[in-house]
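The residues making up each chain are set out below.
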Amino acid sequence: MNRRLIECVPNFSEGRNQVTIEAIAEAIRAVDGVSLLNVDPGKATNRTVYTFVGEPEAVCEAAFQSAKKGAELIDMSRHSGEHPRFGAMDVCPLVPVSGISMEETVEFARALGKRLGEELGLTIFLYEHAATSIERRNLAAVRAGEYEGLPEKLRATDWRPDFGPTTFNTKSGATAVGARDFLIAFNVNLNTTSVRRANSIAFDVREKGRAKRTGDPITGEIVRDEAGNAVYEPGSLASVKAIGWFIEEYGIAQISMNLTNTGVTPLHLAFDEVIEKARARGVHVTGSELVGLVPLSALLDAGRYFLRKQKRSTGVSDAELIKIAVRTLGLSELSPFDPQTRIIDYAIKDHSKKQLIDLSFRALVEETASESPAPGGGSISAALGALGAALATMVANLSSHKRGWDSRWEEFSDWADRGKSFHTELTMLVDADTDAFNVLMGTFGLPKVTDEEKELRRTAIQTATREAIEVPLRVMRAALGSMDVIRAMADVGNPNSASDAGVGALCARSAVMGAYLNVQINASSLDDKHFVDQALNEGANIQSRAQAAEVEILEIVRSKL
């Protein structure tokens, strides 16, 4: 089962006083089990975004302690900034990361809101998935009127806080606590200082759009419905909130966007749409910045999108895709963008765990040669398979850029993507095989004094043995699958790289046969004979197919030499 992880991204109304910013960060760091991944202050917005992850209970404790510190140090009656706000801890969203549902995250958000209201005396509104009514789902509606409008808002019967006092707290204001999906806060930089022009572009793209007017689109009278509410003309991007503002510290205007559903409007499409709308108004986009952290998938998708626009293969490494995305989006224009600290998948990685795939090739060879029993044949079989699939991917990428084959770039890009999927999986299985072996060895050291201990030990050994069979089976399946790509590249790929495809076939076949040896040696220790028979039969079938594929591929290769 996946470890339960949630992310918390509280926004505090302080972006200039470094002592206060650090004090809040320290309150978060002081909670065991929480990793503070990013602290992102903004002087013009006078706002700091903190990002931390951990088990739900620990994250909620860190959120509480940071809110307590913020309430002590921030005085909203003296606050001003470009960003909408109504409280010291302005918003506190919880985001499910892994091993936990949105429904469970909602319960944690509501419990946190209740505690903030009862123990700290903060005025709490629940929003997004945690909201207690449809009217309160949208953060903009909850925060409408901002800090200055709170006294009047709190007097309205339909805006009674979910938790905490109903009287206006001049020092701390109010806080919105919620549970939401992953949101990307994305600012696009413009070559203008005009907030009016930036807002016009923001209204062009944001889902809400702009108020419909009669006659002149700027000075005309706003069209209203029967209830007296303004009628809006939708913008071009669904699931996007946007405003324009001027950032004094950089001397530029920006389009500040919240991408609330990147499955509907991904990062790269939002960027390109702003470019088009800005160009229509005589404004140029110079770059962009991300606030907080971004999922790896968002930048990989962006990298592929920009490569496709160039009619280039997308089957390149993740590092290359990220580099293309960062450069094209201009993410380092205002400050350096470090993928290791700004991409959430990398930031939450457990760097304390030693991984074989992170070793240099020399170190991997020497580790294999050492007196340690792992890595052994299973991990090396996976590594061979990864190299074979990588060679096929290389041939596909070379073929997609071959002079005179420009019309075939997409065909070979698709093959490169398939090859990459196999060498990525096989690379991961290098460590998975060693991990399975180490777990199995660990079970033999379990206590075996009482009958209960003996039974628990026996069960643990059998479970670990089954995993030690399943991992090399996965190696066999992936290596055999890669041979389809290898065969295609030997047949229709760049003929100058035919020998590379041949070596790929040799690696893939060896990976299959080596992994099958590991299936066989572990199968002899498993009591579940039905599973053993299935595993051995499947392994024998895959080995036979891989050997036949090797012969076929080498015949193709020899015909091209």
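Residues numbered from 1 in each chain as written. Predicted model: local features only at pLDDT ≥ 70, side-chain atom pairs only at ≥ 80, totals over all residues. Heavy atoms only, no water.

Enquirer: Describe the overall build of the protein, and please don't skip the residues or the numbers.
Expert: Across its full length, the protein carries 17 helices and 13 strands. Overall, the C-alpha framework of the protein stretches about 80 × 75 × 45 Å when taken along its three principal axes. Buried residues in the protein amount to 49% of all 561 residues. Contacts spanning at least 24 positions in sequence make up 74% of the contacts within the protein whose residues lie at least 6 apart. If you sum the accessible surface of the protein, you get close to 26400 Å²; carbon and sulfur atoms cover 51% of it. Each charge sign in the protein was given a centre, from 63 positive and 75 negative side chains, and these centres are 4 Å apart. (Helix = DSSP H or I, 4+ residues; strand = E, 2+ residues; numbered from the N terminus. Buried < 20%, exposed > 50% of the residue type's maximum accessible area, 1.4 Å probe, protein only. Contact = heavy atoms within 4.5 Å. Areas by Shrake-Rupley, 256 points an atom, 1.4 Å probe, with all protein chains shown as cover. Lys, Arg positive; Asp, Glu negative; His and termini not counted. Charge placed at Lys NZ, Arg CZ, Asp CG, Glu CD.)

Enquirer: I'd love a proper account of the pairing of strand S3 (residues 34-42), names of residues and values included.
Expert: The pairing of S3 with strand S4 (residues 47-54) spans eight bridges and is antiparallel. If you follow Leu36 over to S4, its bridge partner there is Phe52. Where S3 folds back onto S4 in an antiparallel hairpin, the turn is made up of four residues, including Asn46, whose phi is positive at roughly 50 degrees. (Pairing = 2+ DSSP bridges.)

Enquirer: I'd like a rundown of the side chain of Thr51, residues and numbers included.
Expert: In this fold, Thr51 is placed in strand S4. Taking the relative accessible area as the measure of exposure, Thr51 reaches 1% and is therefore buried. What Thr51 contacts, discounting residues up to four positions off in sequence, is Glu7, Cys8, Val9, Ser35, Leu36, Leu37, Asn38, Gly292 and Leu293.

Enquirer: Give me the lowdown on the environment of Arg312, citing residues and values where you can.
Expert: Looking at where Arg312 falls in the secondary structure, it is placed in the loop between helix H8 (296-309) and helix H9 (318-329). For Arg312, a relative accessible area of 37% gives the class partly exposed. The spacing of Arg312 and Trp409 is 97 residues in sequence and 6.5 Å in space, taken between C-alpha atoms. When residues no more than four places from it in sequence are discounted, the contact partners of Arg312 are Leu307, His401, Trp409 and Ser413.

Enquirer: Tell me about the packing of H8 against H9, and name the residues and values.
Expert: At their nearest, the axes of H8 and H9 sit 7 Å apart, and the two run at 75 degrees to each other. Classified by the angle their axes make, H8 and H9 are roughly perpendicular. Across the interface between the two elements, Leu296, Leu299, Leu300, Ala302, Gly303, Arg304, Phe306 and Leu307 from H8 touch Asp318, Leu321, Ile322, Ile324, Ala325, Thr328 and Leu329 from H9. (Axes fitted to C-alpha atoms, helices over the stretch in contact; angles between N-to-C directions. Parallel < 35°, antiparallel > 145°, perpendicular 65-115°, else oblique.)

Enquirer: Provide a residue-level description of H8, including the pertinent values.
Expert: Along an α-helix, residues three or four apart share an orientation, since each turn contains 3.6 residues. The end-to-end C-alpha separation of H8 is 20 Å, in line with the 20 Å expected for 14 residues at 1.5 Å each. Residues of H8 that are buried make contact with strand S8 (184-190), helix H7 (267-280), H9 and helix H11 (344-347). Directly beyond the C-terminal end of H8, a positive phi value near 60 degrees is found at Lys311. (Expected span 1.5 Å × (residues − 1).)

Enquirer: Give a detailed account of the packing of aromatic side chains, specifying residues and quantitative values.
Expert: On inspection of all chains with the given rule, the structure shows seven aromatic pairs. Pairing Phe125 with Trp159 gives two aromatic rings, centres 6.0 Å apart and planes at 70 degrees, and the pair type is edge-to-face. Of this pair, Phe125 sits in strand S6 (residues 123-128) while Trp159 is found in the loop between helix H5 (150-155) and strand S7 (174-179), placing the two residues 34 residues apart along the sequence. Looking at Phe125, the relative accessible area reads 0%, which means it is buried. (Phe/Tyr/Trp six-rings, centres within 6.5 Å; stacked < 30°, edge-to-face > 60°.)

Enquirer: An account of the packing of helix H2 (residues 56-73) against helix H3 (residues 102-120) is needed here, citing residue identities and associated values.
Expert: Two numbers describe how H2 lies on H3: the axes approach to 10 Å, and their chain directions differ by 30 degrees. For the crossing formed where H2 meets H3, the hand is right-handed. Contact residues: Pro56, Glu57, Cys60, Glu61, Ala63, Phe64, Ala67 and Lys68 in H2; Phe108, Leu112, Arg115, Leu116, Glu119 and Leu120 in H3. Considered class by class, the residues forming the contact of H2 with H3 number nine nonpolar, no polar and five charged. (Left-handed = near helix turned anticlockwise from the far one by under 90°. Nonpolar A, V, L, I, M, F, W, Y, C, P; charged D, E, K, R; others polar.)

Enquirer: Explain the pairing of strand S13 (residues 285-291) to me, using residue names and the numbers behind them.
Expert: Among the seven residues of S13, five are classified as buried, and the element is accordingly described as predominantly covered. Two strands pair when backbone bridges link them, and S8 and S13 are joined in this way by six bridges, in the antiparallel orientation. Across the sheet, the residue bridging to Val188 is Ser288, located in S13.

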